[in-house]
Amino acid sequence: MDMYRCTKCGFVYNPASGDHTQNIPPKTPFENLPDDWICPRCGVGKTFFVRVE
């Protein structure tokens, strides 16, 4: 599973960890996050994220 980085603050979403701040369980791919999911660090939406290469 790919990791995604917030272009505003640099937070990296790691699907292996999920996002406990928004009740996203581990092993949740970025593509499966809800449309209203926001960056837990700066609050921007998914459109501000790019895949980490």
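It should be emphasised that the depicted structure is a prediction, and the values quoted were computed from it without experimental measurement.

**Some points on the sheet that holds strand S2 (residues 12-13)**
The strand order across the open sheet formed by three strands is S2-S1-S3, and the pairing between neighbours is antiparallel. The sheet terminates laterally at S2 and strand S3 (49-51), the two strands that pair on one side only. Note: strand S1 (residues 4-6) against S2, two bridges, orientation antiparallel. Paired with Arg-5 across the strands is Val-12, a residue of S2.

**What to know about the side chain of Asp-19**
Tracing the backbone shows Asp-19 in the loop between S2 and S3. Buried charged residue Asp-19 carries no salt bridge. Nearest counter-charge: Arg-41, at 11 Å. A polar atom in the side chain of Asp-19 sits 2.9 Å from the side chain of Gln-22. Side-chain polar atoms of Asp-19 contact the side chain of Trp-37, separated by 3.0 Å.

**Here we look at the side chain of Lys-46**
With respect to the secondary-structure elements, Lys-46 resides in the loop between S2 and S3. This buried residue, Lys-46, is left without a salt bridge; Asp-35 holds the nearest opposite charge, at 4.3 Å. Those residues in contact with Lys-46, other than ones at most four positions away along the chain, are Phe-30, Glu-31, Leu-33, Pro-34, Asp-35 and Trp-37.

**Let's talk about unusual backbone geometry**
Look at Asn-23: it is not a glycine, yet its phi comes out positive at around 60°. Relative to the assigned elements, Asn-23 resides in the loop between S2 and S3. Classification of Asn-23 by relative accessible area gives exposed; the value is 70%. With phi around 70°, Lys-27 is a residue other than glycine that occupies positive phi space. Of note, Lys-27 is situated in the loop between S2 and S3.

Quick notes on the rules
- Residue positions within a chain follow its written sequence, with the count starting from 1.
- With pLDDT at 70 or above as the cut-off, local features in this predicted model cover only qualifying residues; side-chain atom pairs require 80 or more to be listed or tallied, and sums for whole chains, interfaces and linings still use all residues.
- Note that water and hydrogens are dropped before the side-chain values are worked out from all heavy atoms of the structure.
- If DSSP finds at least two bridges between two strands, the strands pair.
- In this text, helices come from DSSP runs of H or I with a minimum length of four residues, and strands from runs of E with a minimum of two, each type numbered from the N-terminal end.
- We call a residue buried when its accessible area falls under 20% of the maximum for its residue type, exposed when it is over 50%, and partly exposed in between, using a 1.4 Å probe and counting protein chains only.
- For this count, His and the chain ends are skipped, Lys and Arg are scored as positive, and Asp and Glu as negative.
- Whenever Lys or Arg places a side-chain nitrogen within 4 Å of a carboxyl oxygen from Asp or Glu, that contact is recorded as a salt bridge.
- N or O atoms closer than or at 3.5 Å make up a polar contact, with two conditions inside protein: a donor-capable atom paired with an acceptor-capable one, and, for residues adjacent in sequence, both atoms drawn from side chains.
- Residue contacts follow a heavy-atom distance rule, with two residues in contact if any of their heavy atoms lie within 4.5 Å.

Worth remembering: the numbers are spatial, not functional.
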